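Here's the letter readout for the chains.
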Amino acid sequence: MAGQSLTGSCFLAVVLFSGILDASLPLLQLRAVVGEIFIHELEREGFQEYFTDQPELSFDPPITFHANLLDHPDLPQWLRYIQRTPFQTGYLYGSATDKEVGTQEIEVTAYNRYTYETVRQTMVISIVPSPDGEMPYQADFFVKNWNVEEVLPTDVHELFQQAVDSMWDQEGLVVVNISSALDRGGRVPLPIENRKEGIYIKVGSKDPFTECLTEAKSPENRHRCKLEQQPVLTCYDSFSPRFRVDWCNLTLIDLTGVNTTEMVTIYGDGVLEPGPEFSPPEDAPDRLFLSDFLLTFLLTLLLGLLLCLLLAYIMCCRREGVRRRDLKTSDIQMVHHHTIHDNTEELREMAGTRDVPRPLSTLPMFNVRTGERINPMQTSRYDSAQVPLILAQQ
């Protein structure tokens, strides 16, 4: 009985603890349009209210987010998440395509980095086709002095859209996509001089490009870009100074002449079509490997033998020999050589048969009158090693 009550208490504690960890926000309904930028701001204050344990000294705890497709480890391909620091707002952004039309459930988990609490929220994103269809004219601008999370707020990218309106005068202008330069192969900037990563903002319209935009891609301006110079625009640059647009990286996309039906990729169900089973051959013909063996080993041995014979011929057969050397040497030189050789042999024989004592002149120090091994110039006896051999050294 006591064991059952203990088990029930533990189960109740686990349920309560898991309830604290898995606190969830109400279901959120969102809407995304194909061909237009989708941005959802993850407000830290909305999740912070659901954290139960709030330290008195921490009024603004660091909060990080993790977003994924429900029952999947990551986000869908068209959706991205960014949060620069735990004290800043997180964003979900992206541009859906026709193949994503439908409903997708996104699960967002907020982590309190002080108390390790978590709060979850499920978002249902309804992706609908664009009523105006795909924009046939699209311009991709590269802005060098902004990061992607700085442009995602509504007031900022609307301000950029107004700058495009002044150069591309028409009404149906929409922001198609916003992406970081790092996602397009850009390099991480150095953390000096307030440098930014840069962003690509794609804007679409049904109206053709104006002359102000097309002249940025003229041959003269392309030549200036090759010389690392900015293109010359006749119209007023409405982006400056707030947005520094790199006009050399401007991309103008015209989809009017593209047949979209030919670009559609048809995917199968991943199952092979039914057919006869594979039957491997039962009897394989015999194969002789003698020729392969001879070619591999005997050819190598033959080459090694030829190299050895060549080396032996060079070392042994190409020598001059004593007789040929003597024939090439003059008689006077040979007589002089033999005389030195004979005299040396004679001196060696005389030294070997000599029985007399060693001459005093060969000793290190001697006195010619007494034969003593002392300096005759000195009367006192002391260490002879200190006596100089030559009087000039005194």
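Preceding block: the structure.
Since the model is a prediction, treat every value here as computed from it, not as a measurement. (Residues numbered from 1 in each chain as written. Predicted model: local features only at pLDDT ≥ 70, side-chain atom pairs only at ≥ 80, totals over all residues. Heavy atoms only, no water.)

Visitor: What should I look at first to understand the sheet that holds strand β9 (residues 137-143) in this one?
Guide: Across the sheet, 4 strands lie side by side as β10-β11-β9-β12; this open sheet has antiparallel pairing. Looking at which strands have only one partner, the edges of the open sheet turn out to be β10 (174-180) and β12 (251-254). Each strand of the sheet is rotated relative to its neighbour by a mean of 20°, with strand direction disregarded. Of the strand pairs in this sheet, β9 and strand β11 (residues 199-205) are connected by 7 bridges, and their pairing is antiparallel. When the bridges of β11 are listed, Q138 appears paired with G204. (Pairing = 2+ DSSP bridges. Helix = DSSP H or I, 4+ residues; strand = E, 2+ residues; numbered from the N terminus. Axes fitted to C-alpha atoms, helices over the stretch in contact; angles between N-to-C directions.)

Visitor: Would you mind showing me how to read the packing of aromatic side chains here?
Guide: Aromatic ring pairs: the centre-centre distance and the angle between the two ring planes describe each pair. Counted by the stated rule, this structure contains 13 aromatic pairs. For the ring pair F141 and F239, a centre distance of 5.5 Å and an interplane angle of 45° mean the geometry is tilted. Residue F141 is located in strand β9, and its partner F239 is located in the loop between α6 (219-226) and β12; the two are separated by 98 residues in the primary sequence. Given a relative accessible area of 1%, F239 falls into the buried group. (Phe/Tyr/Trp six-rings, centres within 6.5 Å; stacked < 30°, edge-to-face > 60°. Buried < 20%, exposed > 50% of the residue type's maximum accessible area, 1.4 Å probe, protein only.)

Visitor: Explain the sheet that holds strand β3 (residues 37-42) here, please?
Guide: The pairing of strands in a sheet happens through backbone hydrogen bonds and is either parallel or antiparallel. Spatial strand order, β3-β6-β5: 3 strands in an open sheet with antiparallel pairing. In the strand order of this sheet, the two ends are held by β3 and β5 (79-82), each with one partner. On average, adjacent strands in this sheet sit at an angle of 20° to one another, irrespective of strand direction. Relative to strand β6 (residues 90-95), β5 is paired through 4 bridges, and the arrangement is antiparallel. Each residue of the ladder has a partner; that of L79, found in β6, is G94.

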